[in-house]
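Overview (structure and organization)
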Amino acid sequence: MRSSTTSIVVATAIAALAPLASAQYSSNPATPDALVTTANDDVQTKMAPAPNGDQYISYFSGVGYDVYVMRVDSTGQIVWTTQAEDRPAALTSTTDYGMSSDSSGNVYVCYNALDPVSGLAQFRMTSVNSSGAIRWATPLYTAADTNYGNLGNGRCVVASDGFVWAAHGVGFDSSVTRVNPTTGVVVSTISINEVGAKQITAGMQPSTDGAVLFSTVRYTTNFSNKILRVRKINADGTYAWGSAAGFAAASQFNIQTGNAPDFIADGSGGGYLAWYTTNPLNCRLQHVDGSTGAMTFGVDGVLVATSTTASFGGTTATVNRTNPVIVLGADNRVYAYYKAASASIAGIVWYGIGAQCFDSAGVAQWDAANGVMVEDYSPASAGVVYDRTPGAAMKLGTGVGVSYVNYASANLGNGIAARMNTDGTVAWKSSFASDATQKYRFSASPCATGSILAWQANAGGPSDIFAARINSDGTVGNPAAPVCIADLNNDGVVNGADLGIELAAWGICSGTPCIGDLNNDGVVNGADLGIMLAAWGNCPV
């Protein structure tokens, strides 16, 4: 076993010497940008913003699924890659972990491992600075045995006061730790355990005043309902509300066994939770108020669609809705996307991708009974339709969208990005990865013109890591360098005629293309006017 100091030295050397395998974000869906393509499995991407419009992407690679962090610039070029942890070969890729970044450009990754000296199971955190150098590495929890699998479901967030929080499972209980971001010193550890009940780590998001919201899946026996519960932990380690047991996001209905969904922040100290239940298979959303712990979408949350049946080629059958992904829009509405599939009809299943939008009160905006379809139902057919699965919800300027995969066979999935209009219609769909692979474990992070997607894919062998840039106008890849974008009437000069067009289009874009939206952020406003005034006069030849 290497010492911790040796691990840091080796990791720093790797950061300096690692080859840059990436080109740029591809505009050709047949050849998406391959970021990591080693001979081993490269899996489990996470993303967080980096300085200057860059992205941090973490992943596992190597025989022990070692922990890596890379920085990718705004065009898709790898700036550096750092090995954050050299893990033993016995570890597994399926154990979840956490990653986040702060406003100073530091990135934090937390994961399970084995202590390099004692061999005991540990949950650890490593911080890497914006240049790829390891700042510190800290064990947050050391078990009394070697069962690292008990320390799973890692989560990591940066609080409003800059301190870092991590959470992970401890068997059927959970542990939450607050860490000094400068030194890596553990400030406090809170054990989430309840006599007679299991509290499985699910999600964590920052709240106000350095506090965090932490969710768990709680149940008493293998046959009891598994319910999401939330509590708020103050910066001093006390409970603002919820205590160890937490407040229930729903009073009934069972979460799928093994499912421990994360959630998203609402921007005001609260959060939006999404999950799917069994019997019936349907997706629910809940909003938790960060100040009081109140569940504002009702005692059981809200359904993405209330109808339990749909018509499939003229036949009415049960519809199952699962795997929700959600995003908060610039309009303060929360958007949910999910897999929709029929029950078997004469041995055939119909697959689609559905969507719903909720206002701040939890009222469905798009056909409360049925939701809307991003990708309409199609029957399974050999070589044509095998499955459809959601990837990641994403922000696209002031709009929102989703990535998903249309499978023609098990290893032939076409990655699709779609943007929704505010009325629930689809503004556009674009293929971003049509190569012959299975694609899954998507993550998304906003960029200047839309969002960056990262995912793992394989064609039956080891997985690799890929990325794509999805722009708010539906184009894929790096935007073309503008020649004279402010010449809205294409007469070769930027003048009063173009200004009139700009002012007539003022406000949030209602669809695409959006004339006057010169920076592709989904709204025509002062930023676009500034671009026009800077380009005033004759266009360059």
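Summary of the structure given here.

About the cut-offs
Residue positions are given per chain, counted from 1 along the sequence in the order it is written. Where totals are concerned, whole chains, interfaces and linings use all residues; where local detail is concerned, this predicted model gives features only for residues with pLDDT of at least 70, and gives and counts side-chain atom pairs only at 80 or more. Water and hydrogen atoms were dropped before computing side-chain values, which therefore reflect all heavy atoms in the structure. Two strands are counted as paired when DSSP detects at least two bridges linking them. Going along the chain from the N terminus, every DSSP run of H or I of four or more residues is numbered as a helix, and every run of E of two or more is numbered as a strand. Only the stretch in contact is used when fitting a helix axis, every axis being a line fitted to C-alpha atoms; angles between N-to-C directions are given from 0 to 180 degrees. In this scheme, a residue with accessible area under 20% of its type's maximum is buried, one over 50% is exposed, and one in between is partly exposed, where area comes from a 1.4 Å probe on protein chains only. Put simply, buried Ala, Val, Leu, Ile, Met, Phe, Trp, Tyr and Cys residues joined by side-chain atoms within 4.5 Å make one nonpolar core. Any two residues whose heavy atoms approach within 4.5 Å are treated as being in contact. Any two rings among Phe, Tyr and Trp, with Trp reduced to its six-membered ring, count as a pair given centres within 6.5 Å; such a pair is stacked if its planes are under 30 degrees apart, edge-to-face if over 60, and tilted if neither. Cation placement over rings: the criterion is NZ of Lys or CZ of Arg within 6 Å of the ring centroid and within 35° of the ring normal.

Time to look at the sheet that holds strand 25 (residues 315-328). Strand order in the open sheet formed by five strands is 24-25-26-27-28, and the pairing between neighbours is antiparallel. Only two strands of the sheet have a single partner each, and these edge strands are strand 24 (309-312) and strand 28 (372-379). Strand after strand, the sheet turns through a mean of 35° between neighbouring axes, direction not considered. Direction of pairing for strand 25 relative to strand 26 (residues 334-342): antiparallel, over a ladder of eight bridges. In the sheet register, Asn 320 faces strand 26, and the bridge partner there is Ala 341.

Regular strands place their side chains on alternate faces of the sheet. Of all eight residues that make up strand 35 (residues 464-471), eight are buried, and the element is covered over most of its length. The alternating pattern of strand 35 places Asp 464, Phe 466, Ala 468 and Ile 470 on one face and Ile 465, Ala 467, Arg 469 and Asn 471 on the opposite face, and all of these are buried. Relative to strand 35, strand 1 (residues 33-36) is paired through three bridges, and the arrangement is antiparallel. Considered in strand 35, the bridge of Val 36 is made with Ile 465. Note: strand 34 (residues 450-458) against strand 35, eight bridges, orientation antiparallel. Note that in strand 35 the partner of Ala 454 across the bridge is Ala 467. Connecting the antiparallel pair strand 34 and strand 35 is a turn made up of five residues, with Gly 460 showing a positive phi of about 105°.

Another point: the nonpolar core. Counting 23 residues, the largest nonpolar core has Leu 285, Val 304, Phe 312 and Ile 326 as its most contacted members. For this core, the secondary-structure elements that each account for two or more residues are strand 21 (271-278), strand 22 (282-288), strand 24, strand 25, strand 26 and strand 27 (350-358). Apart from the residues lying within four places of it in its own chain, the contact partners of Phe 312 are Ala 317, Thr 318, Val 319, Ser 342, Ile 345, Trp 350 and Tyr 377. Core analysis: the next-biggest nonpolar cluster, separate from the first, contains 18 residues, Ala 50, Val 67, Trp 80 and Tyr 97 among them.

To continue, consider the packing of aromatic side chains. The geometry of an aromatic ring pair is captured by two quantities: the separation of the ring centres and the angle between the planes. Inspection of the entire model under this criterion finds 14 aromatic pairs. Taken together, a centroid distance of 4.4 Å and an interplanar angle of 35° make the contact between Phe 60 and Tyr 97 tilted. Of the two residues, Phe 60 is situated in strand 3 (residues 55-61) and Tyr 97 in the loop between strand 5 (78-85) and strand 6 (98-101); the sequence distance between them amounts to 37 residues. Among the residues examined, Tyr 97 registers a relative accessible area of 1% and is labelled buried. Their ring planes at 55° and their centres at 6.2 Å tell us that Phe 312 and Trp 350 sit as a pair that is tilted. Of this pair, Phe 312 sits in strand 24 while Trp 350 is found in strand 27, placing the two residues 38 residues apart along the sequence. Side by side, Phe 312 and Trp 350 carry an identical accessibility label, which is buried. Three or more aromatic residues joined by ring pairs form one cluster here, namely Phe 432, Phe 442, Trp 455 and Phe 466. Positioned over the ring face of Phe 172 is Lys 198, at 5.2 Å from the centre of the ring. Over the ring of Phe 253 we find Arg 284, and its NZ or CZ is 3.9 Å from the ring centre.

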